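Coordinate inspection notes
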Amino acid sequence: MTKITVAKGDGIGPEIMDATLDILLSAGAKLEIDEIEVGEKVYLAGNTSGISAESWDIIRRNKVFLKAPITTPQGGGYKSLNVTTRKFLGLYSNVRPCRSMHPFVSTKHPIMDIVIVRENEEDLYAGIEHQQTDEVVQCLKLISRPGCEKIVRYAFEYAKQQNRKKVTCFTKDNIMKQTDGLFHQVFDEIAKEYPEIENEHWIIDIGAAKMADTPEAFDVIVMPNLYGDVLSDVAAQITGSVGLAGSANIGEECSMFEAIHGSAPRRAGQNVANPSGLLQGAIMMLNHIGQTDIAEKVQNAWLKTLEDGLHTYDIYKEGISKEKLGTKEFAKAVISNLGKMPSVLNPVSYANNSALNLPKYKRKPSARKVLEGVDVFVQWNGTNANELADIVKHMENYNLKLSMITNRGIKVWPEGFKETFCTDHWRCRFKPVEASVLTKASIVDLLTNAIHLNIDTIKTENLYSFDGKTGYSLGQGQ
Ligand code: NAD
């Protein structure tokens, strides 16, 4: 018996959760259910996170959370409960299998069977944003070595367990050499430990195009958070319907399982919603808690039901489907197929499918970190970078000298182009005359000079090398 936390959510949530639990329990899942209230009601009662402290305690105690979609009210500063849950519980891995059900669910991609493994905690989703000048706002893209190692290792271990042949990595490291560069580098390092699994890297733009056009070229695809968020919806949609896909959010201690779609409020209360997405999430949950025999039985019954042409409205198609069923009737059809096998779609076998046992991240020894300069960002309302250079050169001190100015990353001084469009947000790079004597005190001195000169500094970034490797980007055009 495994105790799990269940939230029935909003909109179609309660209907698809009841249908899902009905199927699981009829199949013999050994589950003890602790139900909590999250979502719209909790938000509207004045809790901006959509969940109470007592519910957190229950989720943390049970560790396994099956969640129906919830409605995040628009405006009013309500925080997305999904993002909060993933981060608070350290659910670093988001796994979304996307498989075509051809010829029973119409799709342009009949032989598609891919799994997107998305990093779930960092990247632009760290949610660190600032307005810095009248014209410029910033969102910090944070990528960490532990974050990369954990998700890439997860992808390879998952591929190994599932007998998958290839892991592909998508990044944009031709542009983001530090952040996406680290993700790609860690991918190459860890791939070497799995010689039996093919590996490859694609630049995200052409990789995404290829995935949307020829998904059968891919198997497991691992990627940073934002790309994974977008492309996992694309992948699910092109199998035929987002309504068929579930996802697992896995951490070192806790896990959360859900459908990938939302609460579809317009369909609520009508017994029409397709429970398949949540059911797919629930099947991943059964595998995760070791009830693999039940997971297998439910999945094969579900495949058989789709094959029988018993479809909810969202996938119903004249000529392919036999009968249009409501949520409850679809669940009953799956239940009556428990113990039966699909005959056209490949049946599944989950004998090896229990939770992956992944090593804890081990911190590497610190590198030799050398301060090599500083970028001082300033707000300035002029347009001619030569004039700004004349002003900020007065900040220079005994060691730090102005070496470059960029605007939105493009070098505008020295030798900029008059055609380059400039905002009020300028990066002034100062490098030492004598690197060996550069200290943070000289940076403080530089900033003190800026105060005296009435220069509007908005932030600084120290420039470091790590074991001799430059840890910052050059200006574009430098
Ligand atoms: P949605 O996924 O809820 O619905 C989009 C459309 O897809 C619906 O109108 C419906 O026609 C169809 N659909 C979705 N799921 C279906 C199902 N199971 N069966 C049949 N048809 C289905 O997306 P939305 O309308 O953009 O969002 C509605 C609400 O859901 C919003 O408040 C949003 O914040 C929330 N949301 C929650 C989650 C989550 O909790 N994981 C995820 C996405 C959106």
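Residues numbered from 1 in each chain as written. Predicted model: local features only at pLDDT ≥ 70, side-chain atom pairs only at ≥ 80, totals over all residues. Heavy atoms only, no water.

1. Brief notes about the overall build of the protein
A count of helical and extended segments in the protein gives 13 helices and 20 strands. Dimensions of the protein along its principal axes, counting C-alpha atoms only, are 80 × 55 × 45 Å. Buried positions account for 53% of the 478 residues belonging to the protein. Taking as baseline every contact in the protein between residues at least 6 positions apart, the subset at least 24 positions apart corresponds to 77%. Total accessible area on the protein stands at roughly 22000 Å², and carbon and sulfur atoms take up 51% of it. Counting 54 positive and 59 negative side-chain charges, the protein places the centres of these two groups 3 Å from one another. (Helix = DSSP H or I, 4+ residues; strand = E, 2+ residues; numbered from the N terminus. Buried < 20%, exposed > 50% of the residue type's maximum accessible area, 1.4 Å probe, protein only. Contact = heavy atoms within 4.5 Å. Areas by Shrake-Rupley, 256 points an atom, 1.4 Å probe, with all protein chains shown as cover. Lys, Arg positive; Asp, Glu negative; His and termini not counted. Charge placed at Lys NZ, Arg CZ, Asp CG, Glu CD.)

2. Focus: the environment of arginine 429
As for its placement among the helices and strands, arginine 429 is situated in strand S18 (residues 425-432). In this structure the C-alpha to C-alpha distance between arginine 429 and threonine 48, which are 381 residues apart in sequence, comes to 41 Å. With near-sequence residues (within four places) excluded, arginine 429 lies in contact with Val374, Asp375, Lys401, Leu402, Ser403, Met404, Leu463, Tyr472, Ser473, Leu474 and Gln478.

3. A look at the domain arrangement of the protein
Looking at the assigned domains, one finds that the protein contains domain 1 (2-336) and domain 2 (369-470). Relative placement of domain 1 and domain 2: their C-alpha centres are 44 Å apart. Across the contact, 8 residues belong to domain 1 and 8 residues belong to domain 2. Between domain 1 and domain 2, roughly 690 Å² of surface is buried when both sides are summed, and carbon and sulfur atoms account for 42% of that area. Put simply, domain 1 and domain 2 have 0 salt bridges between them. (Domains from an automatic or database assignment. Buried area = accessible area lost by both parts, 1.4 Å probe. Salt bridge = Lys/Arg side-chain N within 4 Å of Asp/Glu carboxyl O.)

4. Here we look at the layout of surface pockets
In this structure, the second largest pocket encloses a volume near 1000 Å³. Every residue lining the second largest pocket is counted, 46 residues in all, and those nearest its centre are Pro97, Tyr158, Gln162, Arg164 and Tyr350. Broken down by secondary-structure element, the contributors of at least two residues to the lining of the second largest pocket are strand S4 (93-99), strand S5 (113-119), helix H5 (145-161), strand S11 (246-250), helix H9 (276-288) and helix H10 (292-307). Per element, the largest residue contribution to the lining of the second largest pocket is 5 residues, and it comes from H9. The residue makeup of the lining of the second largest pocket, split by class, is 26 nonpolar, 17 polar and 3 charged. (1 Å grid on protein atoms, 1.4 Å probe; cavity = no way out; pocket = protein on both sides within 12 Å on 5 of 7 lines; lining within 4 Å. Points joined across faces, edges and corners; volume = space filled by probe spheres on them. Nonpolar A, V, L, I, M, F, W, Y, C, P; charged D, E, K, R; others polar.)

5. Observations concerning the packing of aromatic side chains
With the rule as written, the count across this model stands at 10 aromatic pairs. Ring centres of tryptophan 56 and phenylalanine 88 lie 5.4 Å apart, and the angle between their planes is 85°; this geometry places the pair in the edge-to-face category. Of the two residues, tryptophan 56 sits in helix H3 (residues 53-62) while phenylalanine 88 sits in helix H4 (residues 81-88), which places them 32 residues apart along the sequence. Measuring from ring centre to ring centre gives 5.5 Å for tryptophan 202 and phenylalanine 218, while their planes differ by 65°; the resulting arrangement is edge-to-face. With tryptophan 202 in strand S9 (residues 198-203) and phenylalanine 218 in the loop between helix H7 (204-213) and strand S10 (220-223), this pair connects stretches of sequence that are 16 residues apart. Given a relative accessible area of 4%, phenylalanine 218 falls into the buried group. Clustering of aromatic rings is evident, with ring pairs tying together Tyr92, Tyr154 and Tyr158. We note lysine 369 situated over the ring of tyrosine 464; from NZ or CZ to the ring centre the distance is 4.4 Å. Positioned over the ring face of phenylalanine 377 is lysine 459, at 4.8 Å from the centre of the ring. (Phe/Tyr/Trp six-rings, centres within 6.5 Å; stacked < 30°, edge-to-face > 60°. Lys NZ or Arg CZ within 6 Å of the ring centre and 35° of its normal.)

6. Re H7
Among the residues making up H7, those that are buried are Ile204, Gly207, Ala208 and Met211. Here the buried residues of H7 occupy an arc of 100° about the axis, which is enough to place them on one side. Set apart from the buried face of H7 by more than 90 degrees, the exposed residues are Ile206 and Asp213. Along its buried surface, H7 packs onto S5, strand S8 (166-171), S9, S10 and helix H8 (225-238). (Arc of directions from axis to C-beta.)

7. Observations regarding unusual backbone geometry
The omega angle of the peptide bond from histidine 102 to proline 103 is 5°, so this bond is cis rather than trans. Mapped onto the elements, proline 103 comes out in the loop between S4 and S5. Between tryptophan 413 and the following residue, proline 414, the backbone shows a cis peptide bond with an omega angle of -5°. Its identity is not glycine, yet aspartate 467 carries a phi of approximately 50°, on the positive side. Of note, aspartate 467 is situated in the loop between strand S19 (456-466) and strand S20 (469-470). We classify aspartate 467 as exposed; its relative accessible area is 55%.

8. Considerations on the pattern of salt bridges
When charged atoms on two side chains of opposite charge get close, those side chains can pair. Under the counting rule described, the total for this entry stands at 28 salt bridges. Across the salt bridge formed by lysine 8 and glutamate 35, the nearest N and O atoms sit 4.0 Å from each other. Taken together, the residues lysine 8 in the loop between strand S1 (2-7) and helix H1 (13-26) and glutamate 35 in strand S2 (residues 31-36) connect sequence positions 27 residues apart. For the salt bridge of arginine 153 with glutamate 193, the shortest nitrogen-to-oxygen distance reads 2.9 Å. Residue arginine 153 is found in helix H5, and its partner glutamate 193 is found in the loop between helix H6 (179-191) and S9; the two are separated by 40 residues along the sequence. We classify arginine 153 as buried; its relative accessible area is 17%. Each of Arg145, Glu149, Glu189 and Lys364 takes part in salt bridges that share partners, so that together they form one network.

9. Section: empty space enclosed by the protein
Rolled over the atoms, a probe with the dimensions of a water molecule shows which regions are left empty. Enumeration over the complete set of coordinates arrives at 1 cavity of 30 Å³ or more. Taken as a whole, the largest cavity spans an internal volume of roughly 30 Å³. As for the largest cavity, its lining consists of Val83, Arg86, Lys87, Arg118, Asn120, Tyr125 and Asn225. The greatest single-element share of the lining of the largest cavity, amounting to 3 residues, is contributed by H4. Across the lining of the largest cavity, the residue classes tally to 2 nonpolar, 2 polar and 3 charged.

10. A look at the site of the ligand
Around the ligand sit 19 residues, and of these Asn82, Gly262, Ala264, Asn274 and Tyr313 come closest. Between the ligand and lysine 67, the relevant distance is 3.4 Å, taken from an oxygen atom to a side-chain nitrogen or oxygen of the residue. For the ligand, whose accessible area on its own is 820 Å², the fraction buried by protein is 68%. When grouped by side-chain class, the residues that make up the shell around the ligand number 7 nonpolar, 7 polar and 5 charged. (Near = heavy atom within 4 Å. Polar contact = N/O pair within 3.5 Å; in protein donor to acceptor, adjacent residues only side chain to side chain.)

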